[in-house]
Amino acid sequence: MPTNAEYDAVIVGAGFAGLYMLHKLRQAGRSAIVLEAGSGVGGTWFWNRYPGCRCDVESMQYSYSFSDELQQEWGWSERFAAQPEILRYAEHVADRFDLRPFIRLDTRVTAARFDEQGRRWTVETERGDRFDAPFCIMATGCLSAGRTAALPGLATFEGETYHTADWPAGGVELAGKRIGIVGTGSSGIQAIPELARQADQLFVFQRTPNYSVPARNAPLTPDYETSWKERYPELREEARHSNSGTLYDYGPHSALAVSADERENVYRARWQVGGPNFLRAFNDLSVDQHANDTAADFVRARIGELVHDPAIAAKLMPHGYPIGTKRICVDNGYFETFNRPNVTLIDLREEALETVVPEGIRTCDRTIPLDVIVFATGFDAMTGALTRMTVTGRNGMRLADKWVAGPRTYLGLMTAGFPNLFLITGPGSPSVLSNVLVSIEQHVEWIAECIEFLGDTEIEASEPAEAEWVEHVNAAANQTLYPRAASWYMGANIPGKPRVFMPYISGVGAYRKRCAAVAASGYEGFVLSAPSGLSARRA
Ligand code: NA7
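Let me begin by describing the structure that accompanies this report. Please read all numbers here as calculations on a predicted model, not as lab measurements.

Okay, the overall build of the protein chain next. Counting its regular elements, the protein chain contains 16 helices and 22 strands. A compact globule built from 539 residues should have a C-alpha radius of gyration of about 24 Å, and the protein chain, at 23 Å, falls within 12% of that. In terms of its C-alpha atoms, the protein chain occupies a principal-axis envelope of roughly 75 × 55 × 45 Å. Looking at the protein chain residue by residue over its 539 residues, the buried ones come to 58%. Long-range contacts, defined as pairs at least 24 residues apart, comprise 71% of the intrachain contacts of the protein chain with a sequence gap of at least 6.

Laid out in C-alpha cells, this is it:
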C-alpha cells in the first residue's frame, strides 16, 4: 500500500466509526485509507479485553443498521454481548464489506497538519509515514485515550501492572495471584467479579463508590431475536429519533407524582429486569434532585441487602452526587463479590493510599502485598485521543491549544480554524450519552453527504456558529443534574482538564433534526470556500 498515494480522505481509527466511514466513502466511489494504531480492527472492543468486559446496550440495538443483510444474518448470543463477540462482529464487518485492503494496522497517527496553500491534510504516523488528502476524518473514539493514575512509587513496583483498556490479547495468568485493582467505574465494576473468581486475593482500592444496576444478562432466545429482526426497519428508525438512540421503556410520570409504594414497585420491577432501563423509570430522574434521590435511595437499599457485612455495604453506597450523572454502571454480581472471603475493599477516603512499594501498595494503615496491579482508572474522555496528537489547522493553530479551556466545536462535527477536518462523535454531539452506533451512523452519513456536496469546495465551522453551539451545549447540560457530579463527562477525572460538560444532552432525535436542517440549508453556520479564483460562499 503506497504511503503517498492520492486519497480523498484519510480516516484515523478502525473502530465502528472508521469502518463505516470507509465503507460509506467507498460506496460513493471515493478513495480513502484508514490508519489504525491497533493490530486489528474494532477500536474500543479491540483494546478493552479485560475479563468481564461487556456492552451495556442490548446486543440487538448495539449494532449497525445501515445494511439490512448484515443485521439479518448476524446472530448475537447474549442479551448484553461480551467483548470477544463484539470484536468478532467488527472483524466480520471488515471482511463482509471488503474493507481490510484499505486499512493500515499497527499505524499510530501522531500528527495531522492542514496545508493552507495545497488545501490538504497531511497525516503523519509514528514511523514517519505521511498520508495526505483533502479531507481528514477523526474516528478516534470518545473513550480511547486510557489514563493510568500517577500513583507515587509506581515505578518501583516489582509485580505486573495492567490497564483495563490495554489488556493483553493473550489474556493474563491471574490464578493464585494477589491482585489489587484501582478504580470502580464501569470497567472496574465489570472486571472485579471475574478477577475475584481467578485471584487468590483481590484488593479493591475504591475512591468513589458508584451506582450500579444488575445486567441480568442471559442467552438471547430465538424468539426475542426474531421479534427484533422482523421489525428492525421500524425499530431502528424509532431509535434514530429517540432520546438516547436506544429504545427503552420510558416511564411517563414524575417520580414524585406517584405514591411511595407505587414508586418502589416500579423500581423493583425494573431492577428485576436489569440493565440501564432502570434509569428511565420516571421522566424527571435526570433533572430533579428530589426525584433522583428516590432512585438513589432505592439502589443504596439494594446494596445494603446484597452485601452481608453492613460496614462494607456502607462503604459501597454512593452519596454526594445524583444517580446517573456519572455513567450508570451495569454489573454481573458486583456487590455480591464483596461477600467472598478472598475480596477486601479498601476505602481510600478512610485509608489513604500513600505509595506503591516494590512489594505492593502502602496505605496509611498497612502494606498490602500484591503480585498484580490492575488500573481501571478510565480515560481522557472525548478530547484525549484528539489532543494527544498534534493537530494543526490554519495559521499554525494547534487543536490542543484551541481547546485549552474546553472543547469547542460546531455540532460536534467540526471546529473553526480546522477546515475539512471532521470529528465523528466529537465533543458537542450526543456521542457518549447515546447508543454510540446510532450516533456514529448519523455522523458518518452526514459527513459523506457533505463531502459529496462540497466537490472541491472547502468547509469550515464559522466562529459565531461554534460559539453559539458551545453555549447551547452548556445551557442544555445546565438544565439537568449532570454538572453536579465530578464525572469524566465534565473532564473532572483528569487533573488540570477544564470542567466543561462535553457531550450534547438534548437527545439524538433533536440533534439529528438540527444536523439535517443545517445540511438542507446549504450548511448554515459553516464557511464554504471554493478553490482560489472562484468566489467564496458564506453559509
Ligand atoms: P471511569 O468511569 O472514569 O472510572 C475510573 C475509576 O478509577 C473511578 O472509580 C475513579 O475514581 C478511579 N480512579 C482514577 N484515578 C484514581 C486514583 N488516582 N486513585 C484511585 N482511584 C482512581 O473509567 P471506566 O474505564 O471504568 O469507564 C469509562 C467508561 O467506559 C464508562 O463510563 C463506559 O462508558 C465505558 P473517582 O470516581 O475518580 O474517585
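The discussion continues.
Another aspect to go through is the sheet that holds strand S15 (residues 360-363). One open sheet accounts for 3 strands, arranged S14-S15-S16; its pairing is antiparallel. Edge positions in the open sheet fall to strand S14 (353-357) and strand S16 (367-369), since each of these has one partner strand only. The mean inter-strand angle of the sheet, taken between neighbouring strand axes irrespective of direction, is 20°. The pairing of S15 with S16 spans 3 bridges and is antiparallel. Within S16, the position partnered with Arg362 by the bridge is Thr367.

Glancing now at the side chain of Ser212. When you line up the elements, Ser212 lands in strand S11 (residues 212-214). Judged by relative accessible area, which is 0%, Ser212 ranks as buried. Within polar-contact distance, the side chain of Ser212 engages the backbone oxygen of Cys329 at 3.3 Å. Here the side chain of Ser212 touches Asp331 through a polar contact of 2.6 Å, side chain to side chain.

This part takes up the packing of aromatic side chains. Under the counting rule described, the total for this entry stands at 39 aromatic pairs. Look at Trp446 and Tyr523: their rings are 5.3 Å apart centre to centre, the planes differ by 80°, and that puts the pair in the edge-to-face class. Linking Trp446 in helix H14 (residues 436-454) with Tyr523 in the loop between helix H16 (508-520) and strand S21 (526-529), this pair joins segments that are 77 residues apart in sequence. Judged by relative accessible area, which is 6%, Trp446 ranks as buried. Overall, Tyr523 belongs to the buried group, its relative accessible area being 1%. With a centroid separation of 4.6 Å and an interplanar angle of 55°, the aromatic rings of Trp488 and Tyr489 are classed as tilted.

Neighbouring residues of the ligand: 19 residues in total, closest Thr184, Ser187, Arg207, Thr208 and Arg327. Within the backbone of Thr184, one N or O atom sits 2.9 Å away from an oxygen atom of the ligand. Take Arg327: an N or O atom from its side chain is 3.1 Å from an oxygen atom of the ligand. In the complex, the protein chains occlude 85% of the 780 Å² of accessible area that the ligand would expose alone. Here the residues of the shell around the ligand sort into 7 nonpolar, 8 polar and 4 charged.

With that settled, the discussion passes to unusual backbone geometry. Even without being glycine, Asn395 reaches a positive phi, approximately 55°. Under the relative-accessibility criterion, Asn395 is labelled exposed at 68%.

On to helix H7 (residues 232-240), then. For H7, the complete set of buried residues consists of Tyr232, Leu235, Arg236, Ala239 and Arg240. Down the axis of H7, the smallest arc covering the buried residues is 140°, so these residues share one side. Where H7 is buried, its residues contact helix H3 (68-73), helix H6 (222-230), H14 and H16.

Moving on, we come to the packing of H14 against H16. Where H14 meets H16, the axes come as close as 11 Å, and the angle between the chain directions of the two elements is 0°. By the angle between their directions, the pair H14 and H16 is classed as roughly parallel. Across the interface between the two elements, Val438, Ser439, Gln442, His443, Trp446 and Glu449 of H14 pack against Val508, Tyr511, Arg512, Cys515, Ala516, Val518 and Ala519 of H16.

Now for the environment of Ala295. Position of Ala295 relative to the elements: it lies in helix H9 (residues 289-306). Classification of Ala295 as buried rests on a relative accessible area of 0%.

This part covers the state of the cysteines. Working definition: the covalent bond between the sulfur atoms of two cysteines is a disulfide. Considering all chains together, one arrives at 0 disulfides under this definition. The cysteine Cys329 is free of any disulfide, with Cys53 supplying the nearest cysteine sulfur at 13 Å. A relative accessible area of 1% means that Cys329 is categorised as buried. Unpaired in terms of disulfides, Cys515 finds its nearest cysteine sulfur in Cys450, a separation of 11 Å.

Once that is clear, we can look at the packing of helix H8 (residues 260-273) against H9. For any two helices packed against each other, the geometry is given by the interaxial angle and the distance between the axes. In contact at an axis separation of 11 Å, H8 and H9 are set at 55° when each is read in the N-to-C sense. Between H8 and H9, the crossing angle belongs to the class labelled oblique. The chirality of how H8 crosses H9 is right-handed. Contacts between H8 and H9 involve Arg263, Glu264, Tyr267, Arg268 and Trp271 from the former and Ala291, Thr294, Ala295, Phe298, Val299, Arg302, Glu305 and Leu306 from the latter. Grouping the constituent residues of the contact of H8 with H9 by class yields 7 nonpolar, 1 polar and 5 charged.

Let us now look at the pattern of salt bridges. This model, assessed by the stated rule, comprises 32 salt bridges. A salt bridge links Asp56 to Arg327; the nearest nitrogen and oxygen atoms lie 2.7 Å apart. Residue Asp56 is found in the loop between helix H2 (44-47) and H3, and its partner Arg327 is found in the loop between helix H10 (310-316) and strand S12 (329-331); the two are separated by 271 residues along the sequence. The exposure class of Asp56 is buried, given its relative accessible area of 15%. On the basis of relative accessibility, which here comes to 28%, the residue Arg327 falls in the partly exposed class. We note a salt bridge from Arg302 to Glu305, for which the minimum N-O separation is 2.7 Å. Taken as a pair, Arg302 and Glu305 lie in helix H9 at a separation of 3 residues, close to a single helical turn. Several salt bridges share partner residues, and in doing so they unite Glu116, Arg119, Arg394, Glu458 and Glu460 into one network.

Inspection of the secondary structure puts Leu154 in the loop between strand S7 (135-138) and strand S8 (160-163). Here Leu154 falls in the partly exposed class, since its relative accessible area comes to 22%. For the pair Leu154 and Ile361, spaced 207 residues apart in sequence, the C-alpha to C-alpha distance is 9.0 Å. Setting aside anything within four residues of it in sequence, one finds Leu154 in contact with Thr148, Ala149, Thr161, Val356 and Phe375.

What counts, and where the lines are drawn
- By convention here, each chain's residues receive numbers from 1 onward along its written sequence.
- A pLDDT threshold of at least 70 governs which residues receive local features in this predicted model, and a stricter bar of 80 or more applies before side-chain atom pairs are shown or counted, although totals over entire chains, interfaces and linings include all residues.
- Hydrogens are left out, water is left out, and the side-chain values use all remaining heavy atoms of the structure.
- Helix numbers and strand numbers start at the N terminus; a helix is a DSSP run of H or I with at least 4 residues, a strand a run of E with at least 2.
- The globule rule is 2.2 Å times the number of residues to the power 0.38, and the radius of gyration it is compared with is taken over C-alpha atoms.
- Accessible area is worked out with a 1.4 Å probe on protein chains only. A residue is then buried under 20% of its type maximum, exposed over 50%, and partly exposed in between.
- By definition, residues are in contact when any of their heavy atoms lie within 4.5 Å.
- A pair of strands counts as paired when DSSP detects no fewer than two bridges linking them.
- Angles run from 0 to 180 degrees between N-to-C directions of axes, and those axes are lines fitted to C-alpha atoms, restricted for helices to the stretch in contact.
- Pairs of N or O atoms within 3.5 Å make up the polar contacts considered here, provided that, within protein, one atom can donate a hydrogen while the other can accept it, and that residues adjacent in sequence are counted only when both atoms are side-chain atoms.
- Pairing of aromatic rings covers Phe, Tyr and the six-membered ring of Trp, with a centre-to-centre limit of 6.5 Å; geometry is then stacked below 30 degrees between planes, edge-to-face above 60, and tilted otherwise.
- Note on terminology: near, applied to a residue and a molecule or strand, indicates that one of the residue's heavy atoms is within 4 Å of it.
- The protein chains shown are the only cover counted for residues, whose accessible areas, like all others here, come from Shrake-Rupley with a 1.4 Å probe.
- Residue classes follow a fixed rule: Ala, Val, Leu, Ile, Met, Phe, Trp, Tyr, Cys and Pro count as nonpolar, while Asp, Glu, Lys and Arg count as charged, and any other residue, Gly among them, counts as polar.
- Arc, as used here, means the arc of the directions from the helix axis to the C-beta atoms.
- Our angle categories are set so that under 35 degrees counts as roughly parallel, over 145 as roughly antiparallel, 65 to 115 as roughly perpendicular, and the remainder as oblique.
- The disulfide criterion used throughout: a pair of cysteine sulfur atoms within 2.5 Å.
- Handedness of a crossing follows from how the near helix is turned relative to the far one, being left-handed for an anticlockwise turn of less than a right angle and right-handed for a clockwise one.
- Salt bridges, as used here, are contacts in which a Lys or Arg side-chain nitrogen is within 4 Å of a carboxyl oxygen on Asp or Glu.

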